[in-house]
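Descriptive structure summary
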Amino acid sequence: MVSRCPSWEALDVLNAAPDGPVAFCADLSPTGLLAAYRAGVYPFPASDDYARVLNEVVYADQVDEGRIPLVGEESEDHYAASWWSPDPRPVLPVSAAHISRSLARRLRSRPAWSTSLNQRFEQVVHECRADRVPLWLTDELIASLIRLHELGHAHSVEVWEDGDLVGGVFGLQVGSVLSMDSMFFHRPGASKAAVADLAARFGQVGGLLLDAQRDSPHVRGLGALLIPREQYVRHLRRTACDSLPMMPAATLPARRLTRPTGSR
């Protein structure tokens, strides 16, 4: 029997499958997106009709059996977006963020890189979408992310070289957790520098975790570790209402990231 949830708050994410979609929901509005992140869930929208049909073909049996619930209004085309919450969850404690020796050498070299916060959010998002397959950063999702940025919930870090944007990362903040949606680079190491910079700025105002969403050697190399989904979700629930100061937005030299955390 199909399981339906009226809202993300009603979803039993802790008992969901560890390595597949935990729900289907068509709502990619700013309000819906923020509620999903607060529940520990992130979206993977279908990029076209083929991807939408594929969702239904692959997962319809599990939906019909109630193993994957539908969230939202009954009239919606739920298969337009799958929603995920992996178990375990890769997270990067801001106090453990680090850069490799090779990147440290690059940051000390010329031309010098600088970093900024929230100066080019929309551009960073579009750079992250460029040439990505599958194209999960749909126009609808981008529009909601931009609105959440305008409301102070979504943030970006930019890496600059001689005035050119060469790397960046963006994500959505829930209390003391910032969930990183995507990153890009046009110079080797620029995305890693962006994450290290985000960790430094977020930690400065009391942030605790950067959520990497999906495990990979790339995020492991930055200091990410795997924790049980239950631990991650319970941390979100405890801190979702935490009100942190705004992160410092000044443009800063990236080479400062090579110094010990306490001296930045």
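The preceding data block contains the structure.
These lines cover the structure that appears in this document, whether it is placed above or below. Quantities reported herein were computed from a predicted structural model and do not represent experimental measurements. (Residues numbered from 1 in each chain as written. Predicted model: local features only at pLDDT ≥ 70, side-chain atom pairs only at ≥ 80, totals over all residues. Heavy atoms only, no water.)

**Structural notes on the overall build of the chain**
Selection criterion: What counts as a helix is a DSSP run of H or I of at least four residues, what counts as a strand is a run of E of at least two, and both are numbered from the N terminus. Between the two quantities, the radius of gyration covers C-alpha atoms and the globule rule is 2.2 Å times the number of residues to the power 0.38. The buried label applies to any residue whose accessible area, calculated with a 1.4 Å probe on protein chains only, is under 20% of its type's maximum; exposed applies above 50%, and partly exposed to all values in between. We call two residues contacting when some pair of their heavy atoms lies within 4.5 Å. To be clear on the numbers: accessible area is Shrake-Rupley with a 1.4 Å probe, and residue cover counts the displayed protein chains and nothing else. Charge convention: Lys and Arg are scored as positive, Asp and Glu as negative, and His as well as the terminal groups of each chain are ignored. A charge is said to be at NZ when it belongs to Lys, at CZ for Arg, at CG for Asp and at CD for Glu.
Secondary structure summary: the chain contains eight helices and 13 strands in total. In terms of overall size, the chain behaves like a compact globule, its C-alpha atoms giving a radius of gyration of 19 Å where 264 residues would be expected to give roughly 18 Å. If one aligns the C-alpha atoms of the chain with their principal axes, the spans along those axes are about 60 × 35 × 30 Å. Taking all 264 residues of the chain together, 51% fall into the buried category. Across the chain, contacts joining residues at least 24 apart in sequence account for 80% of those joining residues at least 6 apart. Element-wise, carbon and sulfur atoms account for 52% of the exposed surface of the chain, whose accessible area totals about 12,200 Å². Treating the 27 positive side-chain charges of the chain as one cloud and the 31 negative ones as another, the clouds have centres 14 Å apart.

**Comments concerning the packing of helix 1 (residues 30-38) against helix 5 (residues 139-150)**
Let me state the cut-off plainly: Interaxial angles span 0 to 180 degrees and are taken between N-to-C directions of axes, which are lines fitted to C-alpha atoms, for helices over the stretch in contact. Angular relationships are summarised with four words: roughly parallel below 35 degrees, roughly antiparallel beyond 145, roughly perpendicular across 65 to 115, and oblique for the angles in between. In this classification, the charged set is Asp, Glu, Lys and Arg, the nonpolar set is Ala, Val, Leu, Ile, Met, Phe, Trp, Tyr, Cys and Pro, and all remaining amino acids, among them Gly, are polar.
Between helix 1 and helix 5, whose axes approach to 9 Å, the crossing angle comes to 80°. Here helix 1 is positioned roughly perpendicular relative to helix 5, judged by the angle of their axes. Contacts from Pro30, Leu33 and Leu34 of helix 1 reach helix 5 at Leu141, Ser144, Leu145, Arg147 and Leu148. For the contact of helix 1 with helix 5, the per-class residue count stands at six nonpolar, one polar and one charged.

**Regarding the pairing of strand 7 (residues 113-117)**
Filter applied, for reference: Between any two strands, pairing holds if DSSP finds at least two bridges.
Across the five residues of strand 7, four count as buried, placing the element largely inside the fold. One ladder, built from five bridges, connects strand 7 with strand 8 (residues 154-161); its direction is antiparallel. The partner of Ser116 across the bridge, within strand 8, is Glu158. Examined bridge by bridge, strand 7 and strand 13 (residues 252-253) share two bridges and lie antiparallel to one another.

**Section: the nonpolar core**
Quick reminder of the rule: By nonpolar core we mean a set of buried residues, namely Ala, Val, Leu, Ile, Met, Phe, Trp, Tyr and Cys, connected to one another through side-chain atoms within 4.5 Å.
Among the nonpolar cores identified, the biggest contains 45 residues, and Trp8, Leu11, Val41, Trp83, Leu137 and Phe170 are the most heavily contacted of them. Not counting residues up to four positions away in its chain, the partners in contact with Phe170 are Phe121, Val124, Val125, Cys128, Leu137, Leu145, His155, Ser156, Ser179, Met180, Asp181 and Ser182. By size, the runner-up hydrophobic cluster in this structure holds 34 residues, among which are Val94, Ala212, Val219 and Leu222.

**Side note on unusual backbone geometry**
For the bond running from Asp87 to Pro88, omega is 10°, close enough to zero to count as cis. The phi dihedral of Asp131 falls on the positive side, at around 65°, and the residue is not glycine. Looking at where Asp131 falls in the secondary structure, it is placed in the loop between helix 4 (121-129) and helix 5. When its relative accessible area of 81% is taken as the criterion, Asp131 is described as exposed.

**Points about a nonpolar patch on the surface**
The following threshold applies: Every patch collects residues that have over 30% relative accessible area and no salt bridge, joining them within 9 Å if they carry like charges and within 5 Å if they are nonpolar side chains (Val, Leu, Ile, Met, Phe, Trp, Tyr). Any carboxyl oxygen of Asp or Glu within 4 Å of a side-chain nitrogen of Lys or Arg constitutes a salt bridge here.
Together, Tyr50, Val53, Leu54, Val57 and Val58 make up an exposed nonpolar region whose accessible area comes to about 500 Å². Within the secondary structure layout, Leu54 lies in helix 2 (residues 49-64).

**A few points about helix 1**
Here helix 1 has its buried residues at Gly32, Leu33, Leu34, Ala35, Ala36 and Tyr37. Contacts from the buried residues of helix 1 go to strand 3 (42-45), strand 5 (81-84), helix 5, strand 9 (164-174), strand 10 (177-185) and helix 8 (229-239). The first or second residue beyond helix 1 is Gly40, which carries a positive phi of 90°.

**Observations regarding the pattern of salt bridges**
Applying the stated criterion across every chain yields a total of eleven salt bridges. Arg52 is paired through a salt bridge with Glu56; the nearest N and O atoms lie 2.5 Å apart. One end of the pair, Arg52, and the other, Glu56, are both in helix 2, four residues apart, so they sit about a helical turn from each other. Taking the shortest distance from any N to any O, the salt bridge between Glu65 and Arg67 comes out at 2.6 Å. Exposure remark for Arg67: the relative accessible area of 53% places this residue in the exposed category. A single salt-bridge network, built from bridges that share partners, covers Arg52, Glu56 and Asp77.

**Some points on the environment of Asp242**
Here Asp242 shows up in the loop between helix 8 and strand 13. Judged by relative accessible area, which is 38%, Asp242 ranks as partly exposed. Through-space distance from the C-alpha of Asp242 to that of Gly206 is 9.7 Å; in sequence the pair is 36 residues apart. When near neighbours in sequence (up to four residues on either side) are disregarded, Asp242 contacts Gly175 and Ser176.

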